[in-house]
Amino acid sequence: MTTAVLEKLAKQIAKRKIRVVDLTQTLKPSTAVIQLPPAFAQSSPFSISQISRYDDKGPAWYWNNISCGEHTGTHFDAPIHWVSGKDYQDGATDTIDVQRFVAPACVIDCSKEAAKDEKFLLTPKHILAWEKKHGKIPKGSWVLMRTDWSKRTDPSAFLNMKEDGPHVPGPNVDAMRFLTQERDVNGWGVEAVGTDAGQAHSFEPAFPAHNLMHGANRFGLASLCNLDQLPATGAVIFAAPLKIEQGSGSPLRVLALVDER
Ligand code: MN
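Given the structure is predicted, the values throughout are model-derived calculations rather than measurements.

Here is what the cut-offs are and how they apply
- Residues numbered from 1 in each chain as written.
- Predicted model: local features only at pLDDT ≥ 70, side-chain atom pairs only at ≥ 80, totals over all residues.
- Heavy atoms only, no water.
- Pairing = 2+ DSSP bridges.
- Helix = DSSP H or I, 4+ residues; strand = E, 2+ residues; numbered from the N terminus.
- Axes fitted to C-alpha atoms, helices over the stretch in contact; angles between N-to-C directions.
- Parallel < 35°, antiparallel > 145°, perpendicular 65-115°, else oblique.
- Left-handed = near helix turned anticlockwise from the far one by under 90°.
- Contact = heavy atoms within 4.5 Å.
- Donors = N, O, S within 2.8 Å, 3.2 Å for Na, K, Ca; no water.
- Buried < 20%, exposed > 50% of the residue type's maximum accessible area, 1.4 Å probe, protein only.
- Polar contact = N/O pair within 3.5 Å; in protein donor to acceptor, adjacent residues only side chain to side chain.

Trainee: So what exactly am I meant to see when it comes to the sheet that holds strand β12 (residues 219-222) here?
Mentor: Either a parallel or an antiparallel arrangement is found when strands of a sheet pair, and the pairing is made through backbone hydrogen bonds. Taken in spatial order, the nine strands make up an open sheet running β1-β15-β13-β5-β7-β11-β12-β4-β14, and their pairing is mixed. The outermost strands of the open sheet, each flanked by one partner alone, are β1 (18-22) and β14 (249-251). Within the sheet, the average angular offset between the axes of one strand and its neighbour, ignoring direction, is 25°. When strand β4 (residues 75-77) meets β12, the two strands line up antiparallel, connected through three bridges.

This is the structure we're talking about:
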C-alpha cells in the first residue's frame with residue numbers, strides 16, 4: 001500500500017469532511033462511580049487538587065494532582081478486569097496489541113426501548129433485526145449500545161439505584177454469547193456506568209458483558225456519550241487506555257471518525 005490512503009484521510013479530517021466525534025464524558029469529582037454491595041471494596045471517585053496555578057507555588061505554570069479508580073467515567077475494561085480473562089498474557093492495559101485500539105463500530109440504537117423500559121435487555125433477536133437493515137456485524141468491530149443514558153446528567157438518575165439494584169439497560173447473556181462466538185467482535189460498549197445491565201448480578205452467568213466478553217479476550221467501554229452522532233455503521237473508533245502496568249482498565253478519551261459525505 002502507498003501512503004495515499006493516510007494522506008487522503010489527513011486531508012479529509014483537516015477539511016472536516018471526516019468529523020471527529022468525542023464519545024467521552026467530562027471527568028470531574030461528581031462523575032458517578034459504580035456502587036457495589038457493601039460486602040465488597042469500593043472504587044474511589046475522581047479527585048483533583050491543584051499543585052500550582054501561576055502563583056507562589058509555581059509562577060508560570062498550572063497543574064493538578066488527580067486520582068481515581070481505573071473504572072471511572074468514560075473508561076476501558078481490559079480482559080484481565082474479570083476472573084474469566086485473568087490468564088490472557090495480552091489482556092492488560094500495557095500488553096494488549098495496540099492494533100486493536102483502532103476498530104470500526106456498529107451502533108445499535110436502543111434509545112426508544114430504553115426510554116420505555118429502564119431495564120431493557122438487548123437480545124440476539126434485536127441484533128439480527130439490526131443486521132437485516134445494516135448488514136452483518138464485521139469481525140473485529142466494536143458493538144455499541146445506544147440508549148441515550150448519557151443524557152442523564154444527574155448522577156443519581158444515571159446510576160438509577162433501586163431497592164433491587166440498579167435499573168439500567170444492557171445486554172442479556174445470549175447477546176454476549178452471540179457477539180463473542182458468532183460475530184468475533186473487538187468489544188462491547190455502552191452509555192451506562194458499566195457494560196452490564198443493572199440487574200446482571202441475577203443472570204446466569206452473572207455479568208455476561210464482563211464474564212463472556214473478557215473470558216473471550218474482548219474489551220469493554222463504559223460511560224460513552226454522543227452515540228446519537230454516529231451512523232449505524234462506518235465510524236472508526238480510537239479507544240486506547242492508559243498504559244498502566246498490569247492495568248485492568250483506565251479512563252480514556254474515546255474518539256470516532258465519521259465520514260460526513
Ligand atoms: Mn469497568
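Trainee: Please clarify how the packing of helix α5 (residues 173-182) against helix α6 (residues 208-215) should be interpreted in this entry.
Mentor: The geometry of a pair of packed helices is captured by two quantities: the angle between their axes and the separation between those axes. Two elements in contact, α5 and α6, have axes whose closest approach is 9 Å; the angle formed by their N-to-C orientations is 15°. Comparing the axis directions of α5 and α6 gives the class roughly parallel. Considering the relative orientation of α5 and α6, their crossing is right-handed. Contacts between α5 and α6 involve V173, M176, R177, L179 and T180 from the former and P208, A209, L212 and M213 from the latter.

Trainee: Before we go on, may I ask you to explain the coordination of the manganese ion in this structure?
Mentor: Ideal donor angles around a metal are set by the shape: a four-donor tetrahedron calls for 109.5 degrees, a six-donor octahedron for 90 or 180 degrees. Protein coordination at the manganese ion: the donors are H71 (ND1), H75 (NE2) and D77 (OD), at 2.1 to 2.3 Å from the metal. Written as a sequence motif, the donor arrangement for the manganese ion is H-x3-H-x1-D. On the basis of relative accessibility, which here comes to 16%, the residue H71 falls in the buried class. Here D77 falls in the buried class, since its relative accessible area comes to 2%.

Trainee: Can you walk me through the side chain of T74 in this structure?
Mentor: Relative to the assigned elements, T74 resides in the loop between β3 (58-67) and β4. At a separation of 2.8 Å, a polar atom in the side chain of T74 contacts the main-chain amide nitrogen of Q25. A distance of 2.6 Å separates the side chain of T74 from the backbone oxygen of S223, its partner in a polar contact. Not counting chain neighbours up to four residues away, the residues in contact with T74 comprise L23, T24, Q25, A222, S223, L224, S250, P251, L252 and V254.

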